Amino acid sequence: QVQLVESGGGLVQAGGSLRLSCAASGRTFSGDVMGWFRQAPGRERDLVAAISWSGRNTYYADSVKGRFTISRDNAKNTVYLQMNSLKPEDTAVYYCAAKWGLLGKVMSEYDYWGQGTQVTVSS
């Protein structure tokens, strides 16, 4: 059974940091693009960051550039999202997702999803 399990969410003050992890199981994801999406109440689920299978190519939404860093450890089948200088507008449920092929920005391109982890940033 293929699973993506996120962890590391929580409540943090503005300006603080969190590190999200996504552990994959059921098969190796070392050949997949991995992405982090987020969804705030009443909003669409949007891509925050994505990373190619090798880690050489990354994508960041403009709203998080310079603050968030995506990375992966293929030996551990895990992808990370380091979030610094957090803002109240970063509050959302964060989802890990996987797809084959090239970096993608659209939800429908991703085949596997985690259950999400809540990130709340207080002002």
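Going by the structure above, here's the rest.
Residues numbered from 1 in each chain as written. Predicted model: local features only at pLDDT ≥ 70, side-chain atom pairs only at ≥ 80, totals over all residues. Heavy atoms only, no water.

Colleague: Please explain the pattern of salt bridges as it appears in this structure.
Modeller: For side chains bearing opposite charge, pairing can occur when the charged atoms are close. A complete count under the given rule lists 4 salt bridges for this structure. One salt bridge connects D90 with R38, and the closest N-O pair in it is separated by 2.9 Å. Residue D90 is located in the loop between strand 8 (78–83) and strand 9 (92–99), and its partner R38 is located in strand 4 (residues 33–39); the two are separated by 52 residues in the primary sequence. A relative accessible area of 14% means that R38 is categorised as buried. The partner of R67 in a salt bridge is D90, and the shortest N-O contact between them spans 2.7 Å. (Salt bridge = Lys/Arg side-chain N within 4 Å of Asp/Glu carboxyl O. Helix = DSSP H or I, 4+ residues; strand = E, 2+ residues; numbered from the N terminus. Buried < 20%, exposed > 50% of the residue type's maximum accessible area, 1.4 Å probe, protein only.)

Colleague: Where do I start with the nonpolar core in this structure?
Modeller: If you look at the biggest cluster of nonpolar residues, it comprises 27 residues, and the most contacted ones within it are M34, W36, L81, M83 and Y94. Mapped by element, the contributors of at least two residues to this core are strand 3 (18–25), strand 4, strand 5 (46–51), strand 7 (68–73), strand 8, strand 9 and strand 11 (117–122). Ranked by size, the runner-up nonpolar core spans 7 residues in total, among them V33, A50, A97 and Y110. (Core = buried A, V, L, I, M, F, W, Y, C linked by side-chain atoms within 4.5 Å.)

Colleague: Can you walk me through the environment of Y112 in this structure?
Modeller: Assignment of secondary structure puts Y112 in strand 10 (residues 112–113). Sequence-distant contacts of Y112, that is, excluding residues within four places in its chain, are made with V2, L4, R27, F29, C96, A97 and A98. (Contact = heavy atoms within 4.5 Å.)

Colleague: Help me understand the state of the cysteines in this model?
Modeller: Put plainly, a disulfide is one covalent bond tying together the sulfur atoms of two cysteines. In this structure the tally under the stated criterion is 1 disulfide. In this model, C22 is linked to C96 through a disulfide, with the two sulfur atoms separated by 2.1 Å. The chirality of the disulfide connecting C22 with C96 is left-handed, given an S-S dihedral of about -75°. Of the two residues, C22 sits in strand 3 while C96 sits in strand 9, which places them 74 residues apart along the sequence. (Disulfide = S-S within 2.5 Å.)

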